[in-house]
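Coordinate analysis (summary)
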Amino acid sequence: MVILGAGPAGLLLGNLLHGSGIDCVVLERADRGHVRTRARAGFLAANTVRVLERHGLADGLHRAGRAHGTCEFRTEDGRFRLDYGRLGRGERHTVYPQQELVTDLLNRFLDAGGRIRFETEALAVHDADGPHPTVTAREPDGRPTRWRARYVAGCDGRHGAARRSLPPGALRHRHDHGATWLGLLVQAPPSLDAVGYAVHRRGFAGHMARTAEVTRYYLQCDRGTPADAWPEERIWHELDVRMRAADHGPLHRGPVVHRTVVDLDSDVVEPLRHGALLLAGDAASVLSPSAAKGANLAVLEAELLAEALVDDLAHGDPRALDQYSRRCLAHIWRAQEFSHWMVRLLHAVPGPYGRSPFEDSLRRARLESLRTSRTHQDWFAENYVGV
Ligand code: APR
């Protein structure tokens, strides 16, 4: 087995295959330090915790993770809180910074004797439809190498070699949600004890605790806005206005330590298997960040893929592998549907004719339904935490 990418998908897959005696190697273009420190999502779904517990990989999150089950919506009609941990299936998120999870998975894999080739960039996957697919790669010293495998797992994200190597018949659904976020990491304690979603005519603002000292904020901005365009004074002014700090209390301010601009888009590759090449994680599908799904789909797919590969390679039973794409796509499309609903709930996205008062009224009605209907709240909770 050759696994492309040492993110949540690739590292979990590597741990599960190695633990089942399947010979595998991970090719990762970044160096070890970058892999361990890359700050990404941090909201683990209940299923993700169950998967990690099932395989003895949850020590770190049991030690440092903390349960989270409340979100707060702030709108022109006031604010309301959903204790989603008591709604739907009663599941909560576990807040655990992804770089901690990736470090746990990396350390366990290496301690168990797993092989990772850092600073080794996969260039392409060849002959995936044949019995002996190969991966061409560039070594840290620039030397070209070729790796042979029975299967190749593409866990190298949406811009990786696996996607570049898909055959012409592969279908790639792409959806641009039309909204753009200025993502901010602020050195200040959280201002709410909840995930904050502020819907405002000036645009969306979001609040997510990362740790007791660091908070992530989002501000909807115009497409094409450079990350450093807004001075900090404007950032805090927009956050105060959109989160209605005057009505609901001041935000804890602090230096903005990291900025990024994210266009909210989604994509899905179909099918996820092309002969001996199998996709998982962002290489398979990308969700808009609005639904806090992050690495949860990647973890679910990596476990399904590991089980299927062990059935095939260790027991000669190809059935689960034949079903892998269909099973994952069912989860992916469920998550995509909820993510799309969340984007529309939180953002006024100018259409071809500018702002739509009709859309604004629909959004207001959806929020009112979410505020008042227990049935709607249960549906929200089940999809918000589930994968
Ligand atoms: N060769 C080798 N490695 C590569 C290549 C390549 N050509 N291209 C990308 N990579 C590596 C990246 O450096 C990264 O370490 O693949 C890894 C992909 O990791 P992620 O982007 O984290 O993707 P994945 O494991 O699918 O996790 C998906 O986790 O990062 C969060 O919320 C994010 O939804 C995302 C989820």
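The text that follows walks through the structure, step by step, so that each part is easy to find. Everything quoted here is computed from the prediction, not taken from an experiment. (Residues numbered from 1 in each chain as written. Predicted model: local features only at pLDDT ≥ 70, side-chain atom pairs only at ≥ 80, totals over all residues. Heavy atoms only, no water.)

1. With respect to unusual backbone geometry
- Residues E270 and P271 are joined by a peptide bond in cis, for which omega reads -10 degrees.
- Locating P271 in the fold gives a position in the loop between β17 (256–270) and β18 (273–274).
- At D127, a residue that is not glycine, the phi angle is positive and equals roughly 55 degrees.
- Within the fold, D127 resides in the loop between β9 (121–126) and β10 (134–138).
- One non-glycine residue, R244, lies in the positive phi region at around 50 degrees.
- Residue placement: R244 occurs in the loop between α7 (232–242) and α8 (245–248). (Helix = DSSP H or I, 4+ residues; strand = E, 2+ residues; numbered from the N terminus.)

2. With respect to α7
- Among the residues of α7, those classed as buried are I235, W236, E238, L239 and R242. Buried residues of α7, seen end-on, are gathered within an arc of 160 degrees and therefore sit on one face of the element.
- For α7, the elements touching its buried residues are β13 (171–186), β14 (195–198), β15 (205–209), β16 (215–221) and β17.
- Backbone geometry just after α7 places R244 at a positive phi near 50 degrees. (Buried < 20%, exposed > 50% of the residue type's maximum accessible area, 1.4 Å probe, protein only. Arc of directions from axis to C-beta. Contact = heavy atoms within 4.5 Å.)

3. Here's the deal with the site of the ligand
- Lining the immediate environment of the ligand, one finds 24 residues, of which E28, R38, Q98, A122 and D282 sit closest.
- A distance of 2.7 Å is found between an oxygen atom of the ligand and a side-chain nitrogen or oxygen belonging to E28.
- If the ligand stood free it would expose 710 Å²; the protein chains cover 92% of that surface.
- Going through the elements one at a time, α1 (8–19) and β9 are the ones with two or more residues in the shell around the ligand.
- Of the residues that constitute the shell around the ligand, the class distribution is 10 nonpolar, seven polar and seven charged. (Near = heavy atom within 4 Å. Polar contact = N/O pair within 3.5 Å; in protein donor to acceptor, adjacent residues only side chain to side chain. Areas by Shrake-Rupley, 256 points an atom, 1.4 Å probe, with all protein chains shown as cover. Nonpolar A, V, L, I, M, F, W, Y, C, P; charged D, E, K, R; others polar.)

4. Some remarks on the packing of aromatic side chains
- What the rule picks out here adds up to 16 aromatic pairs.
- Both rings, one in F73 and one in F380, keep their centres 5.9 Å apart while their planes meet at 70 degrees; by these two values the pair is edge-to-face. Of this pair, F73 sits in strand β5 (residues 71–75) while F380 sits in helix α12 (residues 374–385); the two residues are 307 residues apart in sequence, bridging distant segments of the chain.
- Under the relative-accessibility criterion, F73 is labelled buried at 0%.
- Across the ring face of Y151, the terminal group of R150 is positioned such that the distance to the ring centre comes to 4.4 Å.
- Lying over the aromatic face of W230, R234 brings its terminal NZ or CZ to 3.9 Å of the ring centre. (Phe/Tyr/Trp six-rings, centres within 6.5 Å; stacked < 30°, edge-to-face > 60°. Lys NZ or Arg CZ within 6 Å of the ring centre and 35° of its normal.)

5. Side note on the packing of helix α11 (residues 357–372) against α12
- Orientation of α11 relative to α12, taken along the N-to-C sense of each, is 95 degrees, at an axis distance of 6 Å. On the basis of their axis angle, the class for α11 and α12 is roughly perpendicular. Facing α11, whose interface residues are R366, S369, L370, R371 and T372, α12 presents R374, H376, Q377 and F380.
- Grouping the constituent residues of the contact of α11 with α12 by class yields two nonpolar, four polar and three charged. (Axes fitted to C-alpha atoms, helices over the stretch in contact; angles between N-to-C directions. Parallel < 35°, antiparallel > 145°, perpendicular 65-115°, else oblique.)

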